[in-house]
Amino acid sequence: MRIDAEENFAPRAGRDRVERESRVLATAGRSLKYLLLLVLCFLSAFPFYYNFVLASWPNKFAYVNPPKIWFGPSIADNWNQLIGWVPTFPRNFANSAGLAIAQTAAAIFFCTVVGFAFAKYRFKGRKALYAVVLATLSVPAFLNIIPIYRMMSALGWYRTYLPLVIPGMAGAFGVFLMTQFIQGAVPSELLDAARIDGLSEYGIVMRIGFPLARSGIAVLGIVTFIGSWKEFLAPLVFLPDQEAQTLPVILAQLSLRGNVNFSAMMMGTALSLLPLIVIFAFFSRQIISGLTAGSLKG
Amino acid sequence: MRVNLGSQRIAPYVLISPFFLLFAAFGLYPIGYSIVMSLYNWGLVGPQGRPGIQNYLALFTTDPFFMRSLLNTLVLLVFGSLTQHVIGFPLAIVLKDRLLKGRDAFRTLFFLPYITSTVPVCLIFLRLLDNNYGWLNWLIADVFGGPRINFVTEPGPIKAAISLILNWRYIGWCAVVYLAGIQAIPQELYESAMIDGAGSWIRHTRVTLPMIMPVVFFNVSLTVIFGLQLFEEPYVWTGGYAQLGGTGNSGLTTAFYLMHQGFRGSRFGRASSIAWVMFIMIIALTWVTRRITRRAGEQEG
């Protein structure tokens, strides 16, 4: 309860009045808070809402003032327009999904294995090596993008998905997340018991580490999937062919062409945002915990 | 001597090796490569001439765009990135109120912009902020009778629009992070402050602020690290490499210029030198942030 401290020193006669006034003030303050929060919610959500509104009107309604505020009749038509304008769109959508699944699977395997070792073994140099992992988090992607592009060209990996999957398989953020999680989730006694039962060190990771780290793996998986779906820089650099591009890149390039069909484009942006919004609706708790973990424990 | 890879002593090294092998190949090696490249005139055909610091010198003397890109980046860092904290922190305190109903719902909605992809979001904002048919200009011109603002072609408004998108995207994330940080502060501290007769303002400046300083440091550093690498928003907003940041290069950030030099100009040496200047700025600004938050924490605590 918020009780102003001065109140306690107020003379007895005035106390009731002060209390009543402060209650009125508190109620007014709280209503103001709700108003503020609702306005902010509106601002947060409105761009998405407006995206879906525009995706439901024919293109000529992108040119009206005041703009449209409610849904129109031509969702199906705009989908056809989009496919007519960008025949590769379903392919690009599938590319985004495939890439996200590949990156997620790789991250789950490698980050759990590495995180398990950092969390559950005491070995020489552990602290220093873990510090290296954390330090790499602040190395900017732009520092390496030019040399990595040259390396990938030399390796013959340009125009393939390998540069997008291989280098980030055991990403520092995922390792950090899994180390933190496994420290709390996997009891060390269990590992000793497994050793006595004759399980090998790698058997322990596979048979005990993975199952017990399930909910941490879920967080890592969802967060990696989202990160991959959003990724722009690497696909822009390594995938020059329209057929192979992912959604953010194809959408950016559409906007650079002249003669934009806004309805079709808004259909495209809506379809690229929808998976993220749906995933977030179901897993917001895990996503928020995963994406804020580093900021609180780092 | 045979090394038993399955022993309890060796196994952890085997288990962590994927990270370090990948880091060596795609982290350390490119960093070295990048230093070397930055010292040469290095184009599609490879290195030419003698090594030296001519790329770096050129950035600060003859290059007409680099200093402009630095300035743009810093302006956007202040108005697009640091403002998130100025708004996000008080918002976290509002959300912290224990009697507030529906906090989880607010938290979820505020967080939503953070998890969505930049490119579609920018394309939506291009519609929202459109000169003739956007909601914002409808509000400015038709409701308040002001002049229509062209957020795509006028230098100042270009920066304003990019800052708006950044704030829209990150304020909620910021607030949620600070909220979690504030909720982790032991309740007894507030109770003893209350016994000492501290009002709500004093409680927050004397208890919340000093306790939260490590979180502030970390998050402002993150903001600086990512703010100095701003690329996607200006790239989409101002129409790609060809426009070089739009009117007056107003949206040309340092990372954008790096990408332009590397992937449109094939000037890999020059682009690498930009990357290094950027990296040094990141380190310097992170250090400054640490100094400021540490001093603030000491003063208050």
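Residues numbered from 1 in each chain as written. Chains lettered and ligands numbered in written order. Predicted model: local features only at pLDDT ≥ 70, side-chain atom pairs only at ≥ 80, totals over all residues.

Helix and strand counts for chain B come out as 13 helices and two strands. Per-residue burial for chain B yields a buried fraction of 44% across its 301 residues. A fraction of 69% describes how many contacts in chain B between residues 6 or more apart in sequence connect residues 24 or more apart. (Helix = DSSP H or I, 4+ residues; strand = E, 2+ residues; numbered from the N terminus. Buried ≥ 20, exposed ≤ 12 C-beta atoms within 10 Å, placed from the backbone. Contact = placed C-beta atoms within 7 Å.)

Counting secondary structure elements, chain A contains 13 helices and zero strands. Its C-alpha radius of gyration of 26 Å places chain A more than 25% over the 19 Å reference for a compact globule of 298 residues. Taken along the three principal axes of its C-alpha coordinates, chain A extends 85 × 70 × 35 Å. Buried positions account for 41% of the 298 residues belonging to chain A. Considering only intrachain contacts with a sequence separation of at least 6, the fraction spanning at least 24 residues in chain A is 74%. (Rg over C-alpha atoms; globule rule 2.2 N^0.38 Å.)

What follows is about helix α9 (residues 201-212) of chain A. Here α9(A) spans 16 Å end to end across twelve residues, near enough to the 16 Å set by a 1.5 Å rise per residue. Residues of α9(A) that are buried include every one of E201(A), I204(A), V205(A) and G209(A), and no others. For α9(A), the angular spread of buried residues about the axis comes to 95°, placing them on one side. Those residues of α9(A) that are buried are in contact with α3 (89-120), α7 (172-185) and α8 (188-196) of chain A together with α1 (11-38) of chain B. (Expected span 1.5 Å × (residues − 1). Arc of directions from axis to C-beta.)

Once that is clear, we can look at the packing of helix α8 (residues 187-195) of chain B against helix α9 (residues 200-227) of chain B. Residues and elements named next belong to chain B. Relative to each other, α8 and α9 sit at 140°, their axes nearing to 10 Å. Judged on the interaxial angle alone, α9 and α8 are oblique. Two packed elements cross with a definite hand, and for α8 against α9 that hand is right-handed. Counting all contacts with α8, which are made through L189, Y190 and A193, the residues of α9 involved are R203, R206 and V207. (Axes fitted to C-alpha atoms, helices over the stretch in contact; angles between N-to-C directions. Parallel < 35°, antiparallel > 145°, perpendicular 65-115°, else oblique. Left-handed = near helix turned anticlockwise from the far one by under 90°.)

Okay, the domain arrangement of chain A next. Domain boundaries assigned for chain A yield domain 1 (5-54) and domain 2 (77-297). Taken together, the contact pairs four residues of domain 1 of chain A with seven residues of domain 2 of chain A. (Domains from an automatic or database assignment.)

The subject of this paragraph is the environment of W138(B). Tracing the backbone through its elements, the reader meets W138(B) in helix α6 (residues 135-143). In this structure, the C-alpha to C-alpha distance between W138(B) and R267(B), residues 129 residues apart in sequence, is 43 Å. Apart from the residues lying within four places of it in its own chain, the contact partners of W138(B) are N65(A), P66(A), P67(A) and V143(B).

V114(A), A175(B) and Y178(B) are the most contacted members of the largest nonpolar core, which totals 156 residues. At 16 residues, helix α7 (residues 155-183) of chain B tops the list of elements feeding residues into this core. Two domains each provide a minimum of three residues to this core, namely domain 1 (5-54) and domain 2 (77-297) of chain A. Look past the residues within four positions of V114(A) in its chain and what remains in contact with it is A170(A), V175(A), L15(B), I16(B), P18(B) and F19(B). (Core = buried A, V, L, I, M, F, W, Y, C linked by C-beta atoms within 7 Å.)

With that settled, consider unusual backbone geometry. Residues other than glycine predominantly adopt negative phi, and peptide bonds predominantly adopt the trans conformation. Of note, the bond from N65(A) into P66(A) is cis; its omega dihedral lies within 30 degrees of zero at -5°. Along the chain, the position of P66(A) falls in the loop between α1 (12-54) and α2 (75-85). Phi is positive for S266(B), close to 55°, though the residue is something other than glycine. For S266(B), a count of 13 C-beta atoms within 10 Å gives the class partly exposed.

Quick look at the packing of helix α5 (residues 118-128) of chain B against α7(B) now. Residue and element names in this part refer to chain B. As a packed pair, α5 and α7 sit with axes 11 Å apart at the nearest point and diverge in direction by 125°. Comparing their axes, α7 and α5 come out oblique. Between α5 and α7 the crossing geometry is right-handed. Here α5 contributes V121, C122 and F125 to the contact with α7, which in turn contributes A161, I165 and R169. Taken together, the residues of the contact of α5 with α7 break down into five nonpolar, no polar and one charged. (Nonpolar A, V, L, I, M, F, W, Y, C, P; charged D, E, K, R; others polar.)

Overall, the prediction assigns chain B a mean pLDDT of 93, with 98% of residues at 70 or greater. Quick note on the complex model: pTM equals 0.92, ipTM equals 0.93. (pLDDT = per-residue confidence, 0-100.)

Residue and element names in this part refer to chain B. With respect to the helices, strands and loops of the structure, A296 is situated in helix α13 (residues 268-300). Owing to 15 C-beta atoms within 10 Å, A296 belongs among the partly exposed residues under this scheme. For the pair A296 and S7, spaced 289 residues apart in sequence, the C-alpha separation works out to 49 Å.

Before going further, it helps to examine helix α12 (residues 247-256) of chain A. A large share of α12(A) lies buried, amounting to eight of its ten residues. Along α12(A), the positions that sit buried rather than exposed are L247(A), P248(A), V249(A), I250(A), L251(A), A252(A), L254(A) and S255(A).

Attention now moves to the confidence of the model for chain A. All names here are of chain A. Looking at chain A as a whole, the pLDDT averages 91, with 93% of positions reaching at least 70. Per-element mean pLDDT across chain A ranges from 85 in α1 up to 98 in α3. For residues 1-10, every residue scores under 50 in pLDDT, and the model assigns this stretch 13 contacts once sequence neighbours within four places are set aside.

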